[in-house]
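# Structure assessment
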Amino acid sequence: MDFYQLRVHFIGIGGIGVSGLARFLKAQGAIVSGSDIYDTSITQTLKDEGIEVNIPHSKDVIANKDLIIHSAIIKDSNIEIIESKRLNKNILSRKEALKILLSKKKVLSICAAHGKSSTSAILASILSDSGAIIGAISKEFKSNVRVSNQDIIVFEADESDKSFLNSNPYKSIVLNAEAEHLESYDNDFSKLQKAYMDFIKLSKHAILNLGCDIVKHMYNILSDEKLQGKITPNIACLNPNIDIKNVSYVLKDSMPFTKFELMDLGEFSVYGIGYHNAVNASMAILSSLDLMPIEVIRKNILNFRGIKKRFDILQHLKEDKPCIIDDYAHHPTEISATLEATRMYANLLSKSFDFSSNAYKIKAIFQPHKYTRLRDNLKAFCECFKNCDELIILPVWAAGEEKIDFDFKTLFKAYKLSFAHRLKREGNNIVLLDSKGNKLRTLSQGIIIGLGAGDITYQLRGE
């Protein structure tokens, strides 16, 4: 399909994945527009880039469009979908559009339950001339999309709606797999694992992290199939316990970096903190070994400066103000790894600055994301906050789900626990509010980290 001058309208353009496709098509010469329920920093940035965005949805914007692309959460009852069908418009879901958009690209497709955004952004930093579509804002190129004339494109694939199977992977890069988003797989984990296997088999090359037991199991199946003479991709593996050595953490201008040695390739340094950061970087390095010299990889990886909402330091620690960090972690595995990294960061800060001990106390503000995720991982949620000194819980971000009652006070009684309805940024501090907007207290010291995939990020930023 030729997208030059094609009038393409995106329903749900404010989503990080859909906004990426919108930017990508605009770069191909399409005339792009979109709509969403309400204005956000993403929709405002799209407007600033010259994309027409209509708030809220309206059937009046459909008439002169050639192609309609909608996000996974858009229902048939949406007024723009109804109008598009009435006018017999060409309508594609995001995952259907992917198959067309990426069909002529050499796609390095990264998929995982955790870490895929960071790994995608690290790989995009290494392959500095490649295109990129990732599920977060790279601080290096200040967007979730980088346009390139190269055939190679770094793509963050999504297993939640099975769209990773439409990503045309030249390389399938799998960091890990967990029992997440099972609603797309008839609540059957074996079907999710089969989808991952299908994703790997679509590619010519696969890079697999054997530190994940589920990925290791898939690798063993593929190895058996290869012995049986079946066609399988060329596979490169990372065995973190053997291949990653001498991991250490340092501060450079108050910013955290992870240093490590990988196989026989020497030492690397990458922005971020935590062992998981070394694993993500190692997977990106192994994915680029056949595409550029190792010394160029070692140099280019230093261009990575993190991504928005992933250990995103909004305010650095000072004697008279707290450190404020925003993180997208919303699953127990992610929360545990993030808080472990936060503890390491606090320890590094305490060795670099002579502040009072209260300055290094970790205050985690948790906005649970989806009632079903809480229900399905309740025990793990109750155990994943061990590295914080205080836990503050906000109301569940329901994401359209029906309410399920939880006794949070009893469930999380092992922690120094408090509750708030909302928070707001007030100067250098974070203010906790009750349901009527009254001030509960002000957080003016310590390391404050917000955790969640809902609107907590906007509350922390004062947006």
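Residues numbered from 1 in each chain as written. Predicted model: local features only at pLDDT ≥ 70, side-chain atom pairs only at ≥ 80, totals over all residues. Heavy atoms only, no water.

### Some details on the overall build of the protein
Helix and strand counts for the protein come out as 15 helices and 24 strands. Rg of the C-alpha trace for the protein: 22 Å, near the compact-globule value of 23 Å for 463 residues, within the 12% margin. Viewed in the frame of its principal axes, the protein has a C-alpha envelope of about 60 × 55 × 40 Å. The buried share of the protein, taken over its 463 residues, is 54%. Taken as a whole, the protein presents about 20500 Å² of accessible surface, with 49% of it coming from carbon and sulfur. Each charge class in the protein was averaged separately, 60 positive and 55 negative side chains, and the resulting centres sit 1 Å apart. (Helix = DSSP H or I, 4+ residues; strand = E, 2+ residues; numbered from the N terminus. Rg over C-alpha atoms; globule rule 2.2 N^0.38 Å. Buried < 20%, exposed > 50% of the residue type's maximum accessible area, 1.4 Å probe, protein only. Areas by Shrake-Rupley, 256 points an atom, 1.4 Å probe, with all protein chains shown as cover. Lys, Arg positive; Asp, Glu negative; His and termini not counted. Charge placed at Lys NZ, Arg CZ, Asp CG, Glu CD.)

### Points about a nonpolar patch on the surface
Judged by side-chain polarity, Ile37, Tyr38 and Ile55 come together as a nonpolar surface patch covering roughly 290 Å² of accessible area. Structurally, Tyr38 can be placed in the loop between β2 (31-35) and α2 (41-48). Exposure remark for Tyr38: the relative accessible area of 48% places this residue in the partly exposed category. (Patch = residues over 30% accessible without salt bridge, like charges linked within 9 Å, V, L, I, M, F, W, Y side chains within 5 Å. Salt bridge = Lys/Arg side-chain N within 4 Å of Asp/Glu carboxyl O.)

### A word on the packing of aromatic side chains
Within the structure shown, the criterion is met by 15 aromatic pairs. Ring centres of Tyr271 and Phe304 lie 6.3 Å apart, and the angle between their planes is 70 degrees; on these two criteria the pair is classed as edge-to-face. You can see Tyr271 sitting in strand β15 (residues 267-271) and its partner Phe304 sitting in the loop between α10 (294-300) and β16 (312-315), a full 33 residues away along the chain. As far as burial versus exposure is concerned, Tyr271 and Phe304 are alike and both buried. Members of the aromatic cluster, joined through ring pairs, are Phe366, Phe381, Phe385, Phe406, Phe408, Phe412 and Tyr415. (Phe/Tyr/Trp six-rings, centres within 6.5 Å; stacked < 30°, edge-to-face > 60°.)

### What to know about the side chain of Asn176
Tracing the sequence through the fold places Asn176 in the loop between β10 (169-174) and α6 (189-201). On the accessibility criterion, Asn176 (16% relative accessible area) is buried. A polar contact of 2.9 Å, which involves the side chain of Asn176, links it to the backbone nitrogen of Ala113. A polar atom in the side chain of Asn176 sits 2.9 Å from the backbone oxygen of His114. What Asn176 contacts, discounting residues up to four positions off in sequence, is Cys111, Ala112, Ala113, His114, Tyr196, Cys212 and Val215. (Polar contact = N/O pair within 3.5 Å; in protein donor to acceptor, adjacent residues only side chain to side chain. Contact = heavy atoms within 4.5 Å.)

### Focus on the packing of helix α1 (residues 16-27) against helix α4 (residues 94-101)
Interaxial distance between α1 and α4 falls to 11 Å at its minimum, and their mutual angle equals 35 degrees. Considering only the axes of α1 and α4, their crossing is left-handed. Where α1 abuts α4, its residues Gly17, Val18, Leu21, Phe24 and Leu25 lie against Arg94, Leu98 and Leu101. (Axes fitted to C-alpha atoms, helices over the stretch in contact; angles between N-to-C directions. Left-handed = near helix turned anticlockwise from the far one by under 90°.)

### Some words on unusual backbone geometry
Look at the link from Ile55 to Pro56: it is a cis peptide, with omega at -5 degrees. Relative to the assigned elements, Pro56 resides in the loop between β3 (52-54) and β4 (67-70). Of note, the phi angle at Ala399 is positive, near 55 degrees, even though the residue is not glycine. Relative to the elements of secondary structure, Ala399 occurs in the loop between β19 (390-393) and α14 (408-411). What makes Ala399 partly exposed here is its relative accessible area of 45%.

### Focus on the side chain of Ser138
Tracing the backbone through its elements, the reader meets Ser138 in strand β7 (residues 131-138). Judged by its relative accessible area of 1%, Ser138 is buried. Here the side chain of Ser138 touches Phe141 through a polar contact of 3.5 Å, landing on its backbone nitrogen. When sequence neighbours within four positions are dropped, the list of residues in contact with Ser138 reads Ser143, Gly306 and Ile307.

### Quick notes on the sheet that holds β16
A sheet is described by the order of its strands in space; here 6 strands give the open sequence β16-β17-β24-β18-β19-β20, paired in mixed fashion. Strands at the two margins of the open sheet, each flanked by one partner only, are β16 and β20 (417-419). Looking at each pair of strands side by side, their axes are set apart by 25 degrees on average, direction ignored. Where β19 and β20 come together, 3 bridges link them in parallel fashion. Opposite Leu391, over in β20, you have Leu417 as the bridge partner. Sitting on the sheet, helix α11 (residues 332-352) is in contact with β16, β17 (323-327), β18 (362-366) and β24 (447-451), with an inclination near 165 degrees to β24. (Pairing = 2+ DSSP bridges.)

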